[in-house]
Amino acid sequence: MLRVSLREISAALKEGQVTPTELCQRCLSFIKATKFLNAYITIAEETALKQAEESEERYRRGQILGDLDGIPVAVKDNFNTAGIETTCASNMLKGYIPPYNATVVQKLLDQGAVLLGKTNLDEFAMGSGSTDGIFGPVRNPWSYSRQYRDKCVQNSHPEKEDSNWLITGGSSGGSAAAVSSFTCFAALGSDTGGSTRNPAAHCGVVGLKPTYGLISRHGLIPLVNSMDVPGILTRCVDDAAIVLGVLAGHDPKDSTTVQDPFKSFELTCFTDASKLCIGIPKEYHAPGLSSETLALWSKAADLFENAGAKVIEVSLPHTRYSVVCYHVLCTSEVASNMARFDGLEYGHRSSMDKSTEVMYAATRREGFNDVVRGRILSGNYFLLKQNYENYFIKAQKVRRLIAKDFVNVFHSGIDVLLTPTTLSDTIPYVEFIKEDNRTRSAQDDIFTQAANMAGLPAITVPTALSEKGLPVGLQFIGRAFQEQQLLTVAKWFEKQVKFPMIQLQGIMDHGHTDSHHQKSAFFS
Amino acid sequence: MAASILRRCWGSLLAQRCRTGDVPVLHNGQTWRRAQAPGSIASGRRAGNSPAGERGVAPWVAVVGLEIHAQISSNSKLFSGSQVQFAAPPNSLVSFFDASLPGTLPALNRRCVEAAVMTGLALNCRINKKSLFDRKHYFYADLPAGYQITQQRLPVAVNGSLSYSLCVGGKKNQMVTRTVRIKQIQLEQDSGKSLHDDTRSQTLIDLNRAGVGLMEVVMEPDMSSGEEAAAAVRELQLILQTLGSSQAIMAEGQLRVDANVSVHHPGEAYGVRTEVKNINSARFLARAIDYEIQRQIKELENGQTVMNETRAFDYKLGCTIPMRDKEGKQDYRFMPEPNLPPLILYDTKSLPANMNHQQVVNIDWIRERLPDLPSVKRVKLVEQYGILPEHSFALLNEDGLMEFFQNVVRQTQMNPKKVIGWILNDMLCYLKQHNLTVKESPVSSLLLADLLNLLERGAISSSAAKQVFEELWKGEGKTPLQIVKEKKLELIQDQQEFEQICQAVMEGHQEEVMEIKKGNRKVLNKLIGLVQRTTRGRADPVLVKQILEKRLSQ
């Protein structure tokens, strides 16, 4: 039952096939059964059961709050949750219990959603592996899938089986793993340079980064304010649209949200692809792109073309400056945003208190990991008076050029861009940590961060399994505030590719052995 | 929320910065007098005005610029909904944003923008239709976010001017008007307050003030003395109070002034400047600046150099002292505030259809509703009532005094030129003596008008009127007429009674009468005074003089 989509479970709840409490209990016990994935930092069992009970009462009285009533969800641990510890996977905020809910969390709760817990991430969302938080790395559920295990056994050392577990990607790896392993029906991530889409792709789920300004950031502990967007992770495109409908809209507490009212939409299946124009940005044919992913990308383009859509190669010439530009802007805002963590008002405070300055320094050294401290240092360097023009201002100019590339492309008649989400499928943890966080983040965000720089909506859709039996996702980038068009295309694509469901034998309840989830006919 | 943190390295001067509740005491000590000692030069920027020094060197010219922080008078803070209130219990007015809880975002308060626009218009500024917010970074315990949101790159108002007047000349009896250019007005957040407890080596933080809206008014270095700076600040204060954009009470920290001071020889480049902080009254402002000017001159004349530093004014010692201030040298690492879109203002021409002043800030709408500024009010007073310009200044200097004056004039037949004397000499003196505001005066405008009417009608003498005023001041609810009756202060109307009194006085003072008869007319006044004393002011002095003269010549 846990493997169905949000929409399906919502229908089941309405028909009384399952009660919110049953559903919540099942999810909670399954979270415990999959504890080794390390997807959750905090499990809010008590409040979740209480919320489920309240939901049940509403169902009994026939007064449900909305489509999400009684639906178990998870939230990345960088969104404030009133009364529930919010850590950002950092010593700095360990034990910190916020007094308020992030707007997106409040909106979920207002719709009757049941908040199961807070999901794991890289410290302060800085990373692309979900490996660099104080609670340890998140394990990709696909490490334990039959699809992957079968291939592993064929190829190599079964004795190293357990050390071969795979990373989820990041930084919203906990949320991606939670959705992928069926412990919740939807999860919130955050997306600054690809932090929702990257782990979604690696975990075989849908990851949506909405347009900047469409969803409130109030209560999201910031990484880069000018790029951060709450992300949505679900098992299918339809579900993402439902959650988007709940979250989108102006928030007086976030001055960067747009004033225009958001009309939630239901996705229709388009039948006529001939009016569609898909752009293939040639710069995304980047070094390091695996041949497998490249082949899938090109097959996907063919798929659209065969359906009658126009598929055109386009150029986003400033893409190649994106990584370095992102680095400057990201670290600068990080340096600024992290200044508030001084041990005075909240969070960790060092016991070294010879003077205020000593206390600041010790608090920040003890509270932040190397990655965070490194970014603070670089950021402060870029913001120094003598460097500001050469780095920050230049990076801002480049950012504008990158954004303009997209404007030009969309102006030329392109509806949606089709790109890879990641260079390849995911890799084992032992491989991943051979490179440092900075190198990895730069490599792994390469296809995703431009959408953040331009503020555009983008979605990754699980497309096929690689030769190793691991998910590969492709990304669609849409016009600003044209989520409906973007998701409609994504849904059509999702329907065509028939991505196989993860087979988690031994972990899953044994009653359901999947037979209908054969591999995709098209992409096998 | 009161975070207490250990502290060893902050100087005690910093501690004083925040104790705004304290009433400063001026010690008229040696240091101050030394600064005024002859030999140093009273400087004037206009070189021609500057007297040459006794040492015979070229005269020095001082240059003074001001940075003034005016707290915006608004119900809530600049970027949060917390209330703004002076002297509330510590940390009782702190929202999540004010405490910089992670994930909180700023939301700009329209009222603060309007206050800044109003102030900009009143100071003849160009209002920028688009302005930007920036982050200014530094670590300080009362700055929770580690940065202040301000307007460094593109402030809300620029290029204005302020005219102010001051008394000059040896007897300070000549009023001149000068103008200082306003470089810009920027919106920014106030910080919290640190309260240092030296005995326990602790710092207590109060965030009530953190995030309150400030207007920073930057004045160009167009002034040349403490007096000028004080006059300019006083005029600004009046303007802010007239607009209601700030209460601008210096003692409550709503108006804080930093002065940039340098000296040079005419025709040469400006000297190295120092910044003087910690000035919390207009009086200290003038002293601090004048002290600093003299200090710099002395340094330079002694062959020393002036360092580019921040100095604090110590009101107890009456001098400026270098601050152990890392702020002055540090790099603030300015960055655009990413959580606030550009602040867009409209005028009637650019106002989008179906928008009104409730939804957006319309500069023209605000301009049309600006009240009369102090300078305009003064001109009107002089024109309407025929009073002297300095009277008009005095009337505006005291909150409510102008209205009081106008009310009295409206209710009496007395010439306003005579009324002003009563207002400025008697009324204001009493208020000052008893440390009261005009509103708190026990003598209402109606009572004073009644009194002046009695005087004007000739029912009482002016010395009797003063007695009545004194009675009225007791606030016992009696009317002037009642007091006059009770105390029998009416002028003596009965000619015969008058004659008798005069006769009695003359008889009792034969020597004086002889003197007068010998031709010493001055003694007559003494006799008049004696008559007055006998009648306790009830005699019309003109009449007394007539009677005495008549009788003396007999």
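Here goes a summary of the coordinates provided.

Thresholds applied
- Residues numbered from 1 in each chain as written.
- Chains lettered and ligands numbered in written order.
- Predicted model: local features only at pLDDT ≥ 70, side-chain atom pairs only at ≥ 80, totals over all residues.
- Heavy atoms only, no water.
- Phe/Tyr/Trp six-rings, centres within 6.5 Å; stacked < 30°, edge-to-face > 60°.
- Helix = DSSP H or I, 4+ residues; strand = E, 2+ residues; numbered from the N terminus.
- Buried < 20%, exposed > 50% of the residue type's maximum accessible area, 1.4 Å probe, protein only.
- Lys NZ or Arg CZ within 6 Å of the ring centre and 35° of its normal.
- Salt bridge = Lys/Arg side-chain N within 4 Å of Asp/Glu carboxyl O.
- Contact = heavy atoms within 4.5 Å.
- Buried area = accessible area lost by both parts, 1.4 Å probe.
- Polar contact = N/O pair within 3.5 Å; in protein donor to acceptor, adjacent residues only side chain to side chain.

1. Digging into the packing of aromatic side chains
If you walk through the whole model with that rule in mind, you get 31 aromatic pairs over all chains. Seen in terms of ring centroids, A:Tyr100 and B:Phe96 are 5.5 Å apart; in terms of plane orientation they differ by 25 degrees. Their pairing is stacked. In this pair, A:Tyr100 sits in the loop between strand 2 (72–76) and helix 4 (103–110) while B:Phe96 sits in the loop between strand 2 (61–71) and helix 3 (110–122), so the two residues belong to two different chains. Judged by relative accessible area, A:Tyr100 falls into the buried class, the value being 6%. The interplanar angle of 55 degrees and the centroid separation of 6.2 Å between the aromatic rings of B:Trp422 and B:Phe469 together place this pair among those described as tilted. A residue pair is termed long-range when its members are at least 10 positions apart, and B:Trp422 in helix 10 (residues 416–433) and B:Phe469 in helix 12 (residues 462–473) qualify at 47 residues. An identical accessibility class is assigned to B:Trp422 and B:Phe469; each is buried. An aromatic cluster is defined as three or more aromatic residues linked by ring pairs; in this entry it consists of A:Tyr96, A:Phe124, A:Phe341, A:Tyr346 and A:Phe368. If you follow B:Lys136 out to its NZ or CZ, it ends over the ring of B:Tyr332, 4.3 Å from the centre. Taking NZ or CZ as reference, B:Lys466 lies 5.0 Å from the ring centre of B:Trp422, over its face.

2. Thoughts on the pattern of salt bridges
Residues and elements named next belong to chain B. Scanning the model with the defined rule gives 47 salt bridges over all chains in all. Residues Glu299 and Arg295 are paired through a salt bridge, measuring 3.8 Å at the closest nitrogen-oxygen approach. A residue pair is termed a helical-turn pair when its members lie 3 or 4 positions apart in one helix, as Glu299 and Arg295 do in helix 5 (residues 282–301) at four residues. What makes Arg295 buried here is its relative accessible area of 12%. Among the charged side chains, a salt-bridge network with shared partners connects Glu292, Arg295, Glu299, Glu309 and Arg311.

3. Description of the interface of chain B and chain A
Listed by partner, the interface residues are 39 residues for chain B and 46 residues for chain A. Between chain B and chain A, roughly 3,300 Å² of surface is buried when both sides are summed, and carbon and sulfur atoms account for 57% of that area. At the surface where chain B touches chain A, the tally comes to zero salt bridges. Applying the counting rule to chain B against chain A returns 17 residue pairs in polar contact (both at pLDDT 80 or more). Breaking the side of chain B that touches chain A down by element, the ones donating at least two residues are strand 1 (4–6), strand 5 (134–137) and strand 16 (335–336) of chain B. The dominant element in the side of chain B that touches chain A, judged by the number of residues it contributes, is strand 1 of chain B, at three residues.

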